[in-house]
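# Per-entry structural report
Read off the chains here:
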Amino acid sequence: QKEVEQDPGPLSVPEGAIVSLNCTYSNSAFQYFMWYRQYSRKGPELLMYTYSSGNKEDGRFTAQVDKSSKYISLFIRDSQPSDSATYLCAMSATRAQKLVFGQGTRLTINP
Amino acid sequence: GAVVSQHPSRVICKSGTSVKIECRSLDFQATTMFWYRQFPKKSLMLMATSNEGSKATYEQGVEKDKFLINHASLTLSTLTVTSAHPEDSSFYICSARDRPPSGTDTQYFGPGTRLTVL
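Computed from a predicted model, the values in this text were never measured in an experiment.

## A closer look at the state of the cysteines
All names here are of chain A. Here the structure, examined in full by the defined rule, presents 2 disulfides over all chains. Each sulfur in the disulfide pair Cys 23 and Cys 89 lies 2.0 Å from the other. Between Cys 23 and Cys 89 the sulfur-sulfur dihedral comes to about -105 degrees; the bridge is accordingly left-handed. One end of the pair, Cys 23, is in strand S3 (residues 19-25); the other, Cys 89, is in strand S9 (residues 85-92), with 66 residues separating them in the sequence. Taking relative accessible area as the criterion, Cys 23 reaches 1% and is therefore assigned buried. For Cys 89, a relative accessible area of 0% translates into the label buried.

Below is the structure:
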């Protein structure tokens, strides 16, 4: 079993839809959770960074962490074609430790 | 925000040659940098952790003599793929961690280097 599981998709939704991306994990020591966006042939770009459980909102993006269920989510509201990319979740137990990545979900927003 | 650059962005080389990839943190100091490898439609695979002024820590299964890492300054780490072979063709990405008190201890990624070995 992988430490971090993420559905690779692909996921295709119409413009304006609410998108829900998810990851599950098995290591209860993870406390730092990140979402990265990666466009084709580019490096990952940090979108959201959360610590422990709870919600964090930044514009059209909301990150949720449920440590009791070992489940994290990224919601994208009013999705745009420019949101089409691969979204990677990543997590670590401490800030100093290396990140463990999910497989990434390929998302396409159709105009 | 923090910016990390990589050079070159793309390189094509002949089998048996060595290739050096540079990773620079442009507006912050990074005591720790990371080197990843990514295959098409796959996630990032950590190869090694590079610490300024000390030897790199390699992940299991990564040959340290083949993938030479040097982190000589707080803003520069290099990855040298020695005696490259076609199976080394991949997308190599570095990241740098900006440490407190000036930073948030977050990893920022470079744009990646696409290596093709003929």
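So that's the structure; there's more coming.
## Details of unusual backbone geometry
All names here are of chain A. The peptide bond linking Gly 9 to Pro 10 adopts the cis configuration, its omega dihedral lying at 10 degrees. Within the secondary structure layout, Pro 10 lies in the loop between strand S1 (4-6) and strand S2 (11-14). The residue Arg 41 is not glycine, and still its phi comes out positive at about 65 degrees. With respect to the secondary-structure elements, Arg 41 resides in the loop between strand S4 (32-38) and strand S5 (45-51). Look at Ser 52: it is not a glycine, yet its phi comes out positive at around 60 degrees. When you line up the elements, Ser 52 lands in the loop between S5 and strand S6 (54-58).

## Some remarks on the interface of chain B and chain A
Chain B puts 21 residues into the contact, and the matching count from chain A is 18 residues. Here chain B packs against chain A, burying approximately 1,600 Å² in sum over the two surfaces, 52% of which is carbon and sulfur. Taken together, chain B and chain A are joined by 1 salt bridge. For the side of chain B that touches chain A, the elements supplying multiple residues, two or more each, are strand S4 (32-38), strand S5 (44-51), strand S9 (90-98) and strand S10 (106-109) of chain B. Broken down by element, the residue count for the side of chain B that touches chain A peaks at 4 residues, all from S10 of chain B. Its residues placed into classes, the side of chain B that touches chain A shows 8 nonpolar, 6 polar and 7 charged.

Calculation rules
Every chain begins its residue count from 1, and numbering advances along the sequence as written. All chains are assigned letters beginning at A, and all ligands numbers beginning at 1, according to the order in which they are written. Per-residue local features of the predicted model are confined to residues with pLDDT of at least 70, and side-chain atom pairs are confined, for both listing and counting, to 80 or more; whole-chain, interface and lining totals are unaffected and use all residues. Computation of side-chain values: all heavy atoms of the structure, hydrogens and water removed. The rule for a disulfide is simple: a pair of cysteine sulfur atoms within 2.5 Å. A run of DSSP states H or I qualifies as a helix once it reaches four residues; a run of E qualifies as a strand once it reaches two. Both are numbered from the N-terminal end. Only protein chains enter the accessibility calculation, which uses a 1.4 Å probe; a residue is then buried when its area is under 20% of its type maximum, exposed when over 50%, and partly exposed in between. Here, two residues are considered to be in contact whenever any of their heavy atoms come within 4.5 Å of each other. A simple way to read buried area is as the amount of 1.4 Å-probe accessible surface that goes missing from two parts once joined, with both sides added. The term salt bridge refers to a side-chain nitrogen of Lys or Arg lying within 4 Å of a carboxyl oxygen of Asp or Glu. By the convention adopted, Pro, Cys, Tyr, Trp, Phe, Met, Ile, Leu, Val and Ala count as nonpolar, Lys, Arg, Asp and Glu as charged, and the other residues, Gly among them, as polar.

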